[in-house]
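# Per-entry structural report
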Amino acid sequence: MKNLNWGRVFLLLLMALSMQTAFAQIPSTHWAKDGYQYYKVQNGEVVMLDARDASKKTVVLNRAMLTPAGQEPVAVRNFYLSEDGQKALIYTKAKRVWRFATRGDYWVYDMTAKKLTKLGGQLPASSLMFGKFSPDGAKVGYVSGHNIYVETLADNSIKQLTTDGTEKLINGTFDWAYEEEFFCRDGFRWSPDSKQIAYWQIDASKTRNYLMLNTTDSIYPFVKPVEYPVAGEAPSPFKIGVVSAAGGSTKWMDIPTDPVLQSYVPRMEWAANSSELIIQHLNRAQNQTEIMLCNVSTGAAKTIYEEKDAAWLDILPEWEEHYYYGGWDWFNNGKEFMWASEKDGWRHLYRISHDGKKEKLITKGNYDVMQINAVDEKSGYVYFSASPQNATQKYLYRTKLDGSGVAERLTPMSQPGTHSYDVSPNGKAATHSFSNYYTQEANEVVSLPEHKTFSGAEEVAKAVAGSASAKTRSNIEFFKVKDEEGVEMDGWMQKPDNFDPKKKYPVVLYVYGEPWGQNVKDAFGATYNFLYTGNMAKDGYIYVSIDNRGTPVPKGREWRKSIYKGIGTLNIRDLALGMKQMLKDRAYMDTSRVAVWGWSGGGSSTLNLMFQYPEIFKTGIAVAAVGNQLNYDNIYQERYTGVPVDEAGREAYRKGSPITYAKNLKGNLLYIHGTGDDNVHYNNAEQLINELVKYNRQFELMSYPNRTHGISEGPGTTQHLRTLYTNYLREHCAPGAR
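All residue numbers refer to position in the chain's written sequence, counted from 1. Side-chain atom pairs in this predicted model are given and counted only at pLDDT of 80 or more, local residue features only at pLDDT of at least 70, and totals for whole chains, interfaces and linings cover all residues. Hydrogens and water are ignored here; the side-chain numbers use all heavy atoms of the structure.

## Structural notes on empty space enclosed by the protein
Site definitions follow a grid-based scheme: protein atoms alone, a 1 Å grid, a 1.4 Å probe that fits but cannot get out for cavities, and for pockets an open set with protein on both sides within 12 Å along at least five of seven lines, plus lining residues having an atom within 4 Å of a point. Grid points are joined across faces, edges and corners, and a volume is the space filled by probe spheres set on the points. Inspection of the entire model under this criterion finds three cavities of 30 Å³ or more. Contributing to the lining of the largest cavity are 22 residues, with D314, L316, W339, A340 and S341 lying nearest its centre. Elements are defined by DSSP. Helices are runs of H or I of four residues or more, strands are runs of E of two residues or more, and each kind is numbered from the N terminus. Counting residues per element, the lining of the largest cavity draws most heavily on strand β25 (residues 336-341), at four residues. Under the convention adopted here, Pro, Cys and the residues Ala, Val, Leu, Ile, Met, Phe, Trp and Tyr are nonpolar, Asp, Glu, Lys and Arg are charged, and Gly plus all remaining residues are polar. The residue makeup of the lining of the largest cavity, split by class, is 11 nonpolar, four polar and seven charged. The space that makes up the second largest cavity amounts to roughly 120 Å³. In terms of lining, the second largest cavity is formed by 18 residues, of which the most central are R189, P266, Y323, Y324 and G326. Of all the elements, strand β20 (residues 263-270) adds the most residues to the lining of the second largest cavity, at four residues.

Structure below.
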């Protein structure tokens with residue numbers, strides 16, 4: 001299972017540091033129109049910085065401006081400027097909704113009137129979601145209590161646009177499954193002329209609830225229901241509607257769907273005008289997509305572009321985080337848009353005409369686009385991340401938007417590793433961070449395309465200067481392993497301190513293994529075990545990770561989609577045979593002390609490795625694992641395993657589920673799960689326990705009462721979990737050389 005949307009970071013490093021960062025919104029750095037200046041929150045104020053001159057700083061909103069009469073200053077969580085720059089929308093007092101803190105309070109500061117005003121009238125505190133200015137800056141739209149509102153800033157009058165919203169009939173936002181698996185959170189869009197709002201309505205009334213039992217917060221336990229469509233259950237039906245910003249009836253778009261299986265609309269935007277919407281419509285199996293234009297006056301919808309895949313189709317936000325809150329890239333005054341596809345075997349970008357009849361390949365070659373960093377139509381370039389030669393790394397490239405020429409690498413060749421960029425709209429500047437396994441992360445602001453550091457601290461240059469000696473001292477190595485079936489995989493290995501190849505050391509394999517996580521990244525800290533309380537290298541462990549087929553790495557469509565209907569089988573065989581080959585090739589690995597562990601989908605992989613390959617893995621620690629794939633949500637599981645509408649469809653689920661093989665357990669197993677997990681529900685644990693009990697397979701269990709998927713709530717929880725993990729590993733896979 002993926003099972004951790006916020007776990008892109010979590011899966012790699014940071015649980016031991018803080019769970020709170022995982023629930024943040026998009027980072028609050030915003031580029032100005034000139035492409036050189038940018039806005040940021042610093043010390044409770046909104047400031048404007050200049051990429052070209054680090055000494056330049058203009059305070060846009062100071063503490064006095066952010067202080068309501070008789071109150072403390074508003075703590076800025078995020079902010080947005082109106083198109084004319086004369087108003088600032090300030091987001092504060094954020095509260096978590098499932099994964100992210102997407103509800104809170106909004107204030108507007110009017111630069112001309114020098115006035116700070118709270119929005120929302122008498123609506124409940126911290127209940128406003130996705131506040132955004134109308135394009136003309138005169139109004140702000142937001143969601144509260146599953147209904148959409150528009151507030152006119154001139155007099156702060158509020159118009160409620162929808163009135164039928166409930167916990168089951170959801171306007172302007174989404175149910176659990178849409179949010180978790182499609183990254184759909186913000187569910188409404190202003191028209192370019194500021195006169196209309198288009199929005200999603202999700203009907204979860206027929207979606208069954210998973211009943212979570214809270215036994216810790218009162219003397220008498222109580223039930224907490226969460227609408228949760230498991231694999232095989234139809235998704236919540238959708239509607240796309242358009243309503244006047246002044247109020248009135250909603251015009252619903254006539255979008256076809258399967259009346260039994262249902263379908264999805266995970267993307268919707270205005271089609272670069274105020275008369276049409278563009279939507280992405282997916283079938284239930286997520287292997288066919290239609291791009292449709294909807295006439296907002298008549299509701300008529302027509303398909304302009306179609307695509308199919310023998311496995312599944314990824315929507316843009318599933319691999320590109322810049323689109324978590326929407327977005328659609330248009331060119332040529334709305335006559336063309338950008339589209340990402342794997343249809344030629346690699347993830348590439350295309351230009352598609354407004355009517356869908358013409359297309360042009362933008363990126364060319366045997367490489368995958370990993371991220372869309374910026375689209376600068378004026379200069380005719382798209383900036384993107386890729387790594388054609390090494391799937392563990394990431395670099396910035398650009399290429400012509402018209403499809404001519406070849407991709408040009410902008411990241412210096414002297415900086416091997418993983419790079420992140422926030423490129424300005426005109427492509428002339430970018431904030432840049434860089435690290436590799438022996439170089440700590442360093443940050444700078446650079447000019448593009450020259451990639452020269454602007455004036456100010458040159459952190460990256462300093463880091464690179466010291467990297468040669470750091471690499472020599474490092475006990476980490478990246479490798480490729482080819483198993484007996486000819487599958488070649490990337491991996492990393494951290495060797496013990498004072499390593500002696502003539503001795504034998506215990507091996508701990510860290511796994512994820514599903515289409516939602518890459519472990520083997522050439523980034524600083526990638527080998528850090530956040531659950532181990534000591535120093536694994538100092539204690540004498542070899543720590544290893546391998547990325548099997550199906551992991552979302554830039555090795556082409558065939559690599560990623562070979563796992564279709566094979567989660568729990570193909571990935572497990574790759575990991576097992578890869579580990580088997582390593583043990584064969586490296587005499588210093590002690591075959592009697594081989595452990596495996598993982599969280600969420602990695603917990604599922606851990607169980608399957610322990611059960612299917614007990615001759616290799618002697619100790620396992622599985623955290624928050626899916627024991628039965630039929631328990632997990634339909635959007636994720638059906639995407640990769642098919643729609644289980646009959647027994648034949650359920651066979652791949654049975655083959656991939658750990659409970660199918662639980663009877664084979666021979667080694668030492670510690671199973672850990674939170675009873676309040678709203679993602680991978682606790683019934684996975686109890687169903688697995690039943691199977692282990694049935695076959696008299698002994699194991700150890702730790703249930704954390706009322707903790708969610710991250711098992712971080714409550715005083716002492718994280719330290720207890722880390723201590724539990726460490727003690728079990730040391731007891732059953734003893735550290736040190738022999």
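## Observations regarding the layout of surface pockets
Roughly 700 Å³ of volume is contained in the second largest pocket. Forming the walls of the second largest pocket are 24 residues, and the residues nearest its centre are V97, W98, H146, E167 and E227. When its residues are assigned to classes, the lining of the second largest pocket shows eight nonpolar, seven polar and nine charged. Two domains share the lining of the second largest pocket, each providing at least three of its residues, namely domain 1 (22-158) and domain 2 (161-328). For the purposes of this description, domain bounds are those given by an automatic or database domain assignment.

## Observations regarding the nonpolar core
Residues belong to a common nonpolar core when they are buried Ala, Val, Leu, Ile, Met, Phe, Trp, Tyr or Cys residues joined through side-chain atoms within 4.5 Å. The rule is simple: take the accessible area with a 1.4 Å probe, protein chains only, and divide by the maximum for that residue type; under 20% is buried, over 50% is exposed, in between is partly exposed. In this structure, Y178, F182, F188, I197, I240, I255 and L277 are the most contacted members of the largest nonpolar core, which totals 60 residues. Look past the residues within four positions of I255 in its chain and what remains in contact with it is F238, I240, V265, I279, H281, M292, C294 and A301. Residue contacts are counted whenever heavy atoms from the two residues lie within 4.5 Å of one another.

## A word on a nonpolar patch on the surface
Together, L211, L213 and V223 make up an exposed nonpolar region whose accessible area comes to about 280 Å². With respect to the helices, strands and loops of the structure, L211 is situated in strand β16 (residues 209-214). A relative accessible area of 54% places L211 in the exposed class. Residues enter patches when they are more than 30% accessible in relative terms and free of salt bridges; like-charged ones are connected within 9 Å and nonpolar ones (Val, Leu, Ile, Met, Phe, Trp, Tyr) within 5 Å. In this description, accessible areas are obtained by the Shrake-Rupley approach with a 1.4 Å probe, and a residue is regarded as covered only by the protein chains that are shown. The rule for a salt bridge is simple: a side-chain nitrogen of Lys or Arg has to be within 4 Å of a carboxyl oxygen of Asp or Glu.

## Digging into the environment of Y80
Counting through the fold element by element, Y80 comes out in strand β5 (residues 78-81). Once the C-alpha coordinates of Y80 and T533 are considered, the two residues, 453 residues apart in sequence, prove to be 41 Å apart. We call two N or O atoms a polar contact when they sit within 3.5 Å, provided that within protein one can donate a hydrogen and the other can accept it, with sequence-adjacent residues counted only if both atoms are side-chain atoms. Here N78 takes part through its side chain, which lies 3.5 Å from a polar atom of the side chain of Y80.

## Regarding the pairing of strand β23 (residues 301-308)
Strands are treated as partners if at least two bridges between them are detected by DSSP. Of the pairings in the sheet, the one linking strand β22 (residues 288-295) to β23 comprises seven bridges and is antiparallel in character. Its bridge partner being in β23, C294 is matched across the sheet by A301. What sits between the antiparallel neighbours β22 and β23 is a turn of five residues, in which G299 has the positive phi angle 85°.

## Looking at the domain arrangement of the chain
Taken domain by domain, the chain comprises domain 1 (22-158), domain 2 (161-328) and domain 3 (474-704). Here domain 2 and domain 3 have C-alpha centroids that lie 33 Å from each other. Listed as interface residues are 29 residues of domain 2 and, on the opposing side, 30 residues of domain 3. When domain 2 packs against domain 3, close to 2500 Å² is buried across both sides, 56% of that on carbon and sulfur atoms. Buried area: the accessible surface (1.4 Å probe) lost by two parts on joining, summed over both. On the domain 2 side of the contact with domain 3, E181, A231 and W312 bury the most area, a combined 28% of that side's loss. Counting across the interface, domain 2 meets domain 3 through four salt bridges. R557 serves as the salt-bridge partner of D309, at 2.8 Å between the closest nitrogen and oxygen. Applying the counting criterion to the domain 2 and domain 3 interface returns 16 residue pairs in polar contact (both at pLDDT 80 or more). Secondary-structure elements contributing two or more residues to the side of domain 2 that touches domain 3 are α2 (176-182) and β16. Take the side of domain 2 that touches domain 3: its biggest share by element is six residues, from α2. Each residue belonging to the side of domain 2 that touches domain 3 can be placed in one class, and the counts come to 20 nonpolar, two polar and seven charged.

## Some details on the sheet that holds β23
Read from one edge of the open sheet, four strands run β20-β21-β22-β23, paired in antiparallel fashion. The sheet is open, and its two borders are formed by β20 and β23, each paired with just one other strand. Strand-to-strand twist across the sheet, computed as the mean angle between neighbouring axes with direction ignored, equals 20°. Relative to strand β21 (residues 276-283), β20 runs antiparallel, the two being bridged by six bridges. By the bridge assignment for β21, E269 is matched with I278. Here, axes are lines fitted to C-alpha atoms. For helices the fit covers the stretch in contact, and angles between N-to-C directions go from 0 to 180 degrees.

## Considerations on the sheet that holds strand β33 (residues 429-436)
The sheet built from four strands is open, its strands ordered β32-β33-β34-β35 with antiparallel pairing. Looking along the sheet, the strands with just one partner apiece sit at the ends: β32 (418-423) and β35 (452-453). Sheet topology note: the β33/strand β34 (residues 439-447) ladder contains seven bridges and is antiparallel. If you follow T431 over to β34, its bridge partner there is V445.

## Things to note about the packing of aromatic side chains
What counts as a ring pair is set by centres within 6.5 Å for rings of Phe, Tyr and Trp (its six-membered ring), and what kind of pair is set by the plane angle: stacked under 30 degrees, edge-to-face over 60, tilted for all other angles. Under the counting rule described, the total for this entry stands at 34 aromatic pairs. Arranged with centres 6.4 Å apart and planes meeting at 70°, the rings of Y228 and Y632 form a pair that is edge-to-face. Of this pair, Y228 sits in the loop between β17 (222-227) and β18 (238-244) while Y632 sits in the loop between β41 (619-623) and α9 (634-641), and the two are 404 residues apart along the sequence. By relative accessible area, which is 1% here, Y632 ends up buried. Ring geometry for W312 versus Y640: centroids 4.6 Å apart, planes at 85°, classification edge-to-face.

## Notes on the pattern of salt bridges
Counted by the stated rule, this structure contains 30 salt bridges. Among the salt bridges present, the one from E269 reaches R189, with a minimum N-O distance of 3.1 Å. Separated by 80 residues along the polypeptide, E269 in strand β20 and R189 in strand β14 (residues 188-190) bring together distant segments of the chain. Just as E269 is buried, R189 falls in that class too. The residue K480 makes a salt bridge to D490 at a minimum N-O spacing of 2.7 Å. With K480 in strand β36 (residues 476-482) and D490 in strand β37 (residues 488-494), this pair connects stretches of sequence that are 10 residues apart. Of the residues examined, D490 reaches a relative accessible area of 6% and is grouped as buried. Residues participating in the shared-partner salt-bridge network are D309, E342, D368, R557, R560 and K561.

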